[in-house]
Amino acid sequence: MKTVKSSNLGYPRIGENREWKKTLESFWASTINEETFSTRMKKYRLHHLQKQKNKGIDYIPIGDFSYYDHVLDTASMFGLVPKRFAHTSGPVSLSTYFAMARGNQAAHACEMTKWFDTNYHYIVPEIENKEPELVENKPLHAFLEAKKELNIIGKPVILGPFTFLKLAKGYKKEEFANILNSFVPVYTQLLSELADAGAKLVQVDEPYLVMDITKEEMEIFSNLYREIVTNVPNVNIILQTYFESVSHYEQLVQIPVKGIGLDFVYGYKENIDAIERFGFPEDKVLGVGIIDGRNIWRSNLLESHQIINKLSNHVPFKNQILQPTSSLLHVPVCLEQETGLDPIVKDALAFGDEKLDELRLLRDVTNDPTQSSLELLNRHQQSFEKLNESNWRVRKETAGLPTKRTKEFQERYQLQNQKWNLPLLPTTTIGSFPQTKEVRKARFKWRKGELSNDTYEANIKSMIARWIRIQEELDIDVLVHGEFERNDMVEFFGEKLNGFAFSKNGWVQSYGSRCVKPPIIFGNVSLDKPMTLNETLYAQSLTDRPVKGMLTGPVTILNWSFVRNDIPHQEAAYQIAEALLKEVQSLEHAGITMIQVDEPALREGLPLKKEKHNTYLNWAVEAFRMSTSDVAETTQIHTHMCYSDFNEIIEAIKELDADVISIETSRSHAEIISAFETNIYDKGIGLGVYDIHSPRVPSEEEMTSTIERALSVLPAELFWVNPDCGLKTRGEKETVAALEVMVKAAKSARNQLTKQVTQ
Ligand SMILES: Nc1nc2c(c(=O)[nH]1)N[C@@H](CNc1ccc(C(=O)N[C@@H](CCC(=O)N[C@@H](CCC(=O)N[C@@H](CCC(=O)O)C(=O)O)C(=O)O)C(=O)O)cc1)CN2
Ligand SMILES: [Zn+2]
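A quick note: this is a predicted structure, and the numbers were derived from the prediction, not measured.

(A) Representation of the overall build of the protein chain within the structure. Along its length, the protein chain carries 28 helices and 21 strands. Along the longest, intermediate and shortest principal axes, the C-alpha atoms of the protein chain span 80 × 60 × 50 Å. Taken over 759 residues, the protein chain has a buried fraction of 62%. Looking at the protein chain alone, contacts between residues at least 24 apart form 79% of all its contacts between residues at least 6 apart. Summing over all exposed atoms, the protein chain offers an accessible surface of approximately 29500 Å²; the carbon and sulfur share of this is 49%.

The following block contains the structure:
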């Protein structure tokens, strides 16, 4: 009798109707109090557990639910609150917790950055010489709650110390091993309290094991867990990895924990090779990550079944736990509400809940593989056959697009300067202005057919006009139309391109309460008519100052969409690039000759393993260049990036050959500038001078210091002044106030420079 079990690694927090998001935002807006907030959150938390129980999952994750982010939860559970938040001792209050995430008037927020290669952002822990201390055993509370309220013996999910510290900042690299050691006592306490409460299996996430870590680091890792396991021999730990294959399989499986979880989708080849080569210990369980946890396509369960069978040559079925490859945080909750999708596309999809159904089916068929049950695994093939009739055909024409501008940057930039004659340190913004409730409401009504096209367009136009006036009054040099017509920078373009489909409710958490609804690329991408011309031209008609055209780049559209697994991403990127080039040329033709092509997701798409970097960067850069090279030399191409550590890809950024890049800096407090110090960036560059993720209005001194720091390493002629990113998530009042300070800071820096020159 086979007895494979099923497990889940994490469930989406946001709820079927984004009720989690709405509750958070009501609490922040003080429309509900803390008690109502906690009551509602508990309701959602339990509902998610109950759903997983109903779906027959054997190991249900608990402790993965969060009020904001699981890395922030871990930091606050260990009392690792940066000094500026004035936390003294004991459990971290809700207001301090949210202040760390979002900043308050007294203290700037903690840095936020991408979670591995996903569009989820975590809050970066700051160590600051502080010893970790277990100030609150959060997973224990979750465990007891699930047991008491639902009679579920949950599987606590915790972030492991190695990954936690790797993702943290505020310590020197040489101190890593020492600091890591200081986590042994707190993890020991955390785990023993869980064991005492009756936890049978604990999932300790160590995704950092898939990164290129050294042998020495792996040694440190092994010793760390040996010590923890010695301290708490009565806990069954499953060390969980995801997103890629592990770097040191042989050492990993020797660690005396109960189980190891591996990804058999994204790291399939290397992980299975390792198992075949080195075997798998008989006394351990293998977490078989077999259902793609970060894409939305129906799984090929026949293929999954074959993989499980293949694995059973090395790992008996009784030691296999079937699971998604990663937490389901990265996919929408369920397909139920998707009534608007083309039935052929819908039939090929599986969101979070449907993935759990797939898992259950796979488990049951594996345990009882009769002819008729095996046939049930065939759905994928049927759906994709139908989808393929709508045809993905790899086209090669795009390879013929030019990828090089005819003049080098120096020469172009001079021509461009003559054309616009902008002041030194020109000021600009990144594209979007506040998406107020009114704009969103109007769009909502328009989509439902309650508002006519004319009324909706008039509404958008009046917002554009209002903000052109505001920008002129603020005396900003290069203006933008404000992106009011866009729901999201990727979804908007996807809706206008062929080859994309849209869900109604396929939301995924991006950071905090902010969600995105990634479009679905199911077929060939192409463009029929201009996408941004009307709004841009309207904005330009209202002012003599240049208005930047505003597009999302090919790599970002690709990385922030759900793309079919069976089409080469590179080809899809080229197809998008070709469509975007058409748009760039329409703008240029109509007289919009400063055009920004945003690539905030360029860094995020970077493979986790170094050996795969070049292949990706080569086609990513090529796609960007395809969309931006075939323009006049006097047309100024801007690009923009945010939320990342750019050090690693600085050469590729240069290769984009954009005339001006605006880059986020302020949450990382100008650390980014060091990348530009060592790698002299020789094209136009705007380093963000204030954080746009916080409602806080920074002082002129703060902005001035960022500008001065930048000017100490960058030639003034190349430097632009702008916020970190678009302002769509901000309120109007704080936006105007912050921009006012920004323009002031730029002007005084400009005066300083002119004085220096004339002295
Ligand atoms: N795709 C993507 N990824 C990104 C970014 C980005 O901009 N896009 N930026 C970075 C940071 N991430 C971000 C992600 C989301 C948002 C954001 O503002 N999200 C909005 C939703 C934006 C949106 O699509 N809005 C739609 C739908 C809005 C909506 O909820 N409508 C209501 C009804 C409207 C009402 O009555 O108020 C409803 O459907 O219930 C629209 O404007 O049309 C949110 O969560 O609130 C911001 C930054 C990195 N990754
Ligand atoms: Zn940005």
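(B) Geometry of unusual backbone geometry. Phi at R18 takes a positive value of approximately 55°, unusual for a residue other than glycine. Mapped onto the elements, R18 comes out in the loop between strand 1 (5-6) and helix 1 (19-28). On the accessibility criterion, R18 (18% relative accessible area) is buried. One non-glycine residue, N421, lies in positive phi territory at about 50°. Examined against the element boundaries, N421 turns out to sit in the loop between helix 17 (409-420) and helix 18 (437-448). For N421, a relative accessible area of 64% translates into the label exposed.

(C) Spotlight on the sheet that holds strand 1. Across the sheet, 8 strands lie side by side as 1-10-9-8-7-6-5-2; this open sheet has parallel pairing. Every other strand in the sheet has two partners, leaving strand 1 and strand 2 (61-62) as the edge strands with one partner each. Here helix 14 (residues 352-367) sits on the sheet in contact with strand 1, strand 9 (285-291) and strand 10 (320-324), set at roughly 160° to strand 10.

(D) Inspection of the pattern of salt bridges at higher detail. What the rule picks out here adds up to 39 salt bridges. Each of the salt bridges in this network shares a partner with another, and the network as a whole consists of R405, R412, E633, D657, D659 and K683.

(E) Inspection of the pairing of strand 14 (residues 520-526) at higher detail. In terms of burial, strand 14 is largely enclosed, as 6 of its 7 residues are buried. By the bridge criterion, 3 bridges tie strand 11 (residues 498-501) to strand 14 in an arrangement that is antiparallel. Note on strand 14: the bridge partner recorded for N498 is S526.

(F) Focus on the packing of aromatic side chains. One pass over the full model with this rule turns up 29 aromatic pairs. Pairing W115 with Y122 gives two aromatic rings, centres 6.0 Å apart and planes at 75°, and the pair type is edge-to-face. Taking the relative accessible area as the measure of exposure, Y122 reaches 5% and is therefore buried. Counting every residue linked through ring pairs, the aromatic cluster contains W115, F116, Y122, F162, Y171, F176, Y208, F221, Y225, Y242 and F243. Across from the ring centre of W507, 3.9 Å away, lies the NZ or CZ of R18, which sits over that ring. Its end group placed over the ring of Y266, R294 keeps NZ or CZ at 5.5 Å from the ring centre.

(G) Examining the site of ligand 1 more closely. In the vicinity of ligand 1, 25 residues are found, and the nearest of them are K21, R440, R443, D488 and K728. Taking N119, its side chain carries an N or O atom lying 2.8 Å from a nitrogen atom of ligand 1. In this structure, an oxygen atom belonging to ligand 1 sits 2.6 Å away from a side-chain N or O atom of R443. In the complex, 85% of the free accessible area of ligand 1, which totals 980 Å², lies under the protein chains. Of all the secondary-structure elements, those providing two or more residues to the shell around ligand 1 are helix 18, strand 12 (508-511) and strand 13 (514-516).

(H) Representation of the UniProt feature "active site" (unreviewed entry) in the protein chain in the model. Under the local residue numbering, the UniProt record ascribes the feature "active site" (unreviewed entry) to H693. On the secondary structure map, H693 appears in the loop between strand 20 (684-688) and helix 27 (700-711).

(I) Here's a closer look at helix 1. Along helix 1, 7 of the 10 residues are buried, which leaves the element largely enclosed by surrounding structure. Taken together, the buried residues of helix 1 touch helix 2 (34-54), helix 4 (94-102), strand 12 and strand 13. At the C-terminal side of helix 1, S30 shows a positive phi close to 60°.

(J) Molecular detail of the UniProt feature "domain: Cobalamin-independent methionine synthase MetE N-terminal" (unreviewed entry) in the protein chain. On the UniProt side, "domain: Cobalamin-independent methionine synthase MetE N-terminal" (unreviewed entry) is annotated at positions that read residues 6-314 here. Helix makes up 42% of residues 6-314 and strand 12%, with an end-to-end C-alpha separation of 19 Å.

(K) How the structure looks around the packing of helix 8 (residues 184-197) against helix 9 (residues 215-231). At a closest axis distance of 9 Å, the pairing of helix 8 and helix 9 adopts a crossing angle of 40°. The orientation of helix 8 relative to helix 9 falls into the category oblique. Considering the relative orientation of helix 8 and helix 9, their crossing is right-handed. Side by side, helix 8 and helix 9 meet where V184, Y187, T188 and L191 of the first sit next to L224, E227, I228 and N231 of the second.

(L) Structural detail: the packing of helix 19 (residues 453-474) against helix 21 (residues 533-541). Closest axis-to-axis distance for the helix 19/helix 21 pair is 10 Å, and the angle between their directions is 40°. Classified by the angle their axes make, helix 19 and helix 21 are oblique. Like other packed secondary-structure pairs, helix 19 and helix 21 cross with a definite hand, here right-handed. Here helix 19 contributes I460, K461, I464, A465 and I468 to the contact with helix 21, which in turn contributes E535, Y538 and A539. Considering only residue class, the contact of helix 19 with helix 21 consists of 6 nonpolar, no polar and 2 charged.

(M) Expanded view of the domain arrangement of the protein chain. Taken domain by domain, the protein chain comprises domain 1 (5-389) and domain 2 (409-496 + 531-758). Domain 1 and domain 2 are separated by 34 Å when their C-alpha centres are compared. In this complex, domain 1 contributes 39 residues to the contact, which on the side of domain 2 involves 23 residues. On the domain 1 side of the interface with domain 2, the three residues burying the most area are M112, K114 and D212, jointly 20% of the side's total. On the surface where domain 1 and domain 2 come into contact, there are 2 salt bridges. As a salt-bridge pair, E244 and K612 come within 2.7 Å of each other at their nearest N and O atoms. Here domain 1 is connected to domain 2 by 12 residue pairs in polar contact (both at pLDDT 80 or more). For the side of domain 1 that touches domain 2, the secondary-structure elements that each account for two or more residues are helix 4, strand 3 (112-114), strand 4 (121-123) and helix 16 (379-389).

(N) Up close: the confidence of the model for the protein chain. Across the protein chain, pLDDT averages 94, with 96% of residues at or above 70. Scoring the predicted complex yields pTM 0.94 and, for the interface, ipTM 0.96.

(O) Here's a closer look at the environment of R440. Looking at the secondary structure, you find R440 in helix 18. For the pair R440 and E457, spaced 17 residues apart in the sequence, the C-alpha separation amounts to 13 Å. In contact with R440, not counting residues within four places along its chain, are Q435, N487 and R514.

Calculation notes
- Residues numbered from 1 in each chain as written.
- Chains lettered and ligands numbered in written order.
- Predicted model: local features only at pLDDT ≥ 70, side-chain atom pairs only at ≥ 80, totals over all residues.
- Heavy atoms only, no water.
- Helix = DSSP H or I, 4+ residues; strand = E, 2+ residues; numbered from the N terminus.
- Buried < 20%, exposed > 50% of the residue type's maximum accessible area, 1.4 Å probe, protein only.
- Contact = heavy atoms within 4.5 Å.
- Areas by Shrake-Rupley, 256 points an atom, 1.4 Å probe, with all protein chains shown as cover.
- Pairing = 2+ DSSP bridges.
- Axes fitted to C-alpha atoms, helices over the stretch in contact; angles between N-to-C directions.
- Salt bridge = Lys/Arg side-chain N within 4 Å of Asp/Glu carboxyl O.
- Phe/Tyr/Trp six-rings, centres within 6.5 Å; stacked < 30°, edge-to-face > 60°.
- Lys NZ or Arg CZ within 6 Å of the ring centre and 35° of its normal.
- Near = heavy atom within 4 Å.
- Polar contact = N/O pair within 3.5 Å; in protein donor to acceptor, adjacent residues only side chain to side chain.
- UniProt positions renumbered as here; feature names shortened; annotations may be inferred.
- Parallel < 35°, antiparallel > 145°, perpendicular 65-115°, else oblique.
- Left-handed = near helix turned anticlockwise from the far one by under 90°.
- Nonpolar A, V, L, I, M, F, W, Y, C, P; charged D, E, K, R; others polar.
- Domains from an automatic or database assignment.
- Buried area = accessible area lost by both parts, 1.4 Å probe.
- pLDDT = per-residue confidence, 0-100.

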